[in-house]
Amino acid sequence: MRRKITIAIDGYSSCGKSTIAKGVAKKLGYIFIDSGAMYRAVTLYCMENKIIKSGKFKEQDIIAALENIDLEFKANPQTHLSEIYLNGKNVEKDIRGMDVSNMVSPISAIKEVRTKVIALQRELGRSKGIVMDGRDIGTNVFPDAELKLFMTADENVRVQRRWKELQSKGVNVSVEEVKKNIAERDHEDTHREHNPLRKANDAVVLDNTHLTMEEQLNFAMKLAKERSGA
Ligand code: DC
């Protein structure tokens, strides 16, 4: 009998974590949650409400704003994928721009921001049957996850992939700008004080530099089946 498990996918920026997480969730009939979307939505709220101005903010102002931020996920009826809502508004697209990408790492490093977001993540994962991707899912959010993947890829490959993705969404940005953003985020996400990105001891590394999507999915699905006792 196959049991529902928790699958945690962590790794650097633009490694294709969400793509593989979505693929695995679809095949297993699990919920997919993009944990980075929550940090992005908090950042968007603070930008829209001028709590972040010209890239600057006071930590206590961000902390004070948290009580006015309500985050939830709802399934898109067409794609069946969960999309993030900020105070009742779907912000799935608004959170993906470079403006938010450039500010999200310092915002996500604030302890109180993490406490709020992590509580919601744990709530969402209470009944298992979930694939969540992020930076601290296997190490901190779900330390008992039955399957933990740590994704990585060559930096240039990641830059190219991210640049193409942004181009396809109509975001006009240079390769250099994407490269700088990825390098800065990786540095900040691995060096922050609270829940930095690191590989959990029991995580399986998936380096997808030279792998097709199908190969990555097969790799993850084989492990998921083993771990769920199928
Ligand atoms: O996965 P992403 O690029 O959308 O994540 C945006 C930022 O959010 C990332 O640079 C760091 C932060 N983040 C985090 O601190 N912990 C997570 N579990 C997920 C994201």
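Our structure's up above, just so we're on the same page.
Residue positions are given per chain, counting from 1 as you read along its sequence in written order. Two thresholds apply to this predicted model, a pLDDT of at least 70 for residue-level local features and 80 or more for giving and counting side-chain atom pairs, whereas whole-chain, interface and lining totals are computed over all residues. Only heavy atoms go into the side-chain values, all of them from the structure, while hydrogens and water stay out.

Undergrad: Before we go on, may I ask you to explain the packing of helix H1 (residues 17–28) against helix H9 (residues 213–227) in this structure?
TA: Angle between the axes and distance between the axes are the two parameters that describe a pair of packed helices. Angles shown run from 0 to 180 degrees and are taken between the N-to-C directions of axes, each axis being a line fitted to C-alpha atoms and, for helices, limited to the stretch in contact. Strands are runs of DSSP state E lasting at least two residues, helices are runs of H or I lasting at least four, and both sets are numbered from the N terminus onward. With their axes 10 Å apart at the nearest point, H1 and H9 run at an angle of 55° to one another. Relative to H9, H1 is oriented oblique. Once H1 is placed against H9, the crossing between them reads as right-handed. Judged by residue contacts, Thr-19, Ile-20, Gly-23, Val-24, Lys-27 and Leu-28 of H1 engage Met-213, Gln-216, Leu-217, Ala-220, Met-221 and Ala-224 from H9. Class assignment for the residues of the contact of H1 with H9 results in 8 nonpolar, 3 polar and 1 charged. Angles are sorted into four bins: roughly parallel if under 35 degrees, roughly antiparallel if over 145, roughly perpendicular if 65 to 115, and oblique for all others. Here is the rule for handedness: rotate from the far helix to the near one, and if that takes an anticlockwise turn smaller than a right angle the crossing is left-handed, while a clockwise turn gives right-handed. In what follows, residue pairs with any heavy atoms lying within 4.5 Å of each other are defined as contacts. All residues other than Ala, Val, Leu, Ile, Met, Phe, Trp, Tyr, Cys, Pro, Asp, Glu, Lys and Arg, Gly among them, are scored as polar; the first ten of these are nonpolar and the last four charged.

Undergrad: How do you make sense of the site of the ligand when you look at a structure like this?
TA: It suffices for a single heavy atom of a residue to lie within 4 Å of a molecule or strand for the residue to be listed as near it. By nearness alone, 15 residues border the ligand, and Arg-40, Arg-114, Asp-136, Arg-185 and Arg-192 come closest of all. Any pair of nitrogen or oxygen atoms within 3.5 Å is treated as a polar contact; in protein, a donor-acceptor pairing is required on top of that, and neighbouring residues in sequence qualify only through side-chain atoms on both sides. Contact between the ligand and Arg-40: an oxygen atom at 2.6 Å from a side-chain N or O atom of the residue. Taking Arg-192, its side chain carries an N or O atom lying 2.7 Å from an oxygen atom of the ligand. Here the ligand has 440 Å² of accessible area as a free molecule, and 95% of this is covered by the chains. At the level of secondary structure, the elements contributing two or more residues to the shell around the ligand comprise helix H2 (35–48), helix H4 (98–108) and helix H8 (175–191). Counting residues per element, the shell around the ligand draws most heavily on H2, at 4 residues. Counted by class, the shell around the ligand contains 3 nonpolar, 5 polar and 7 charged residues. Note on areas: these come from Shrake-Rupley sampling with a 1.4 Å probe, and a residue is covered only by the protein chains present in the view.

Undergrad: Teacher, can you tell me more about the pairing of strand S6 (residues 130–134) here?
TA: Two faces, one strand: in a regular strand the side chains alternate between the faces of the sheet. Where burial is concerned, most of S6 is hidden: 5 out of the 5 residues are buried. The buried label applies to any residue whose accessible area, calculated with a 1.4 Å probe on protein chains only, is under 20% of its type's maximum; exposed applies above 50%, and partly exposed to all values in between. The side-chain alternation of S6 yields two buried faces, one formed by Ile-130, Met-132 and Gly-134 and the other by Val-131 and Asp-133. We treat two strands as partners when DSSP finds at least two bridges between them. Sheet topology places strand S2 (residues 31–34) next to S6; 4 bridges connect them, and they run parallel. Its bridge partner being in S6, Ile-33 is matched across the sheet by Met-132.

Undergrad: Teacher, can you tell me more about unusual backbone geometry here?
TA: The general pattern is negative phi for most residues beyond glycine and trans for most peptide bonds. Not every positive phi belongs to a glycine, and Lys-50 is a case in point at roughly 60°. Note that Lys-50 resides in the loop between H2 and helix H3 (59–65). Here the phi dihedral of Ser-54 falls at roughly 45°; this positive angle occurs in a residue that is not glycine. Examined against the element boundaries, Ser-54 turns out to sit in the loop between H2 and H3. Classification of Ser-54 by relative accessible area gives exposed; the value is 74%.

Undergrad: What is the right way to read the packing of aromatic side chains from this model?
TA: In this description, a pair of aromatic rings is defined by centroid distance and the angle of the planes. Stacked, edge-to-face and tilted are the three classes for Phe, Tyr and Trp ring pairs, Trp counted by its six-membered ring, which pair at centre distances within 6.5 Å; planes under 30 degrees apart are stacked, over 60 edge-to-face, the rest tilted. Taken as a whole and judged by the stated rule, the model has 1 aromatic pair. For the pair Tyr-12 and Phe-150, a centre-to-centre distance of 5.8 Å together with 80° between the ring planes defines the contact as edge-to-face. Residue Tyr-12 is found in the loop between strand S1 (6–11) and H1, and its partner Phe-150 is found in strand S7 (residues 147–152); the two are separated by 138 residues along the sequence.

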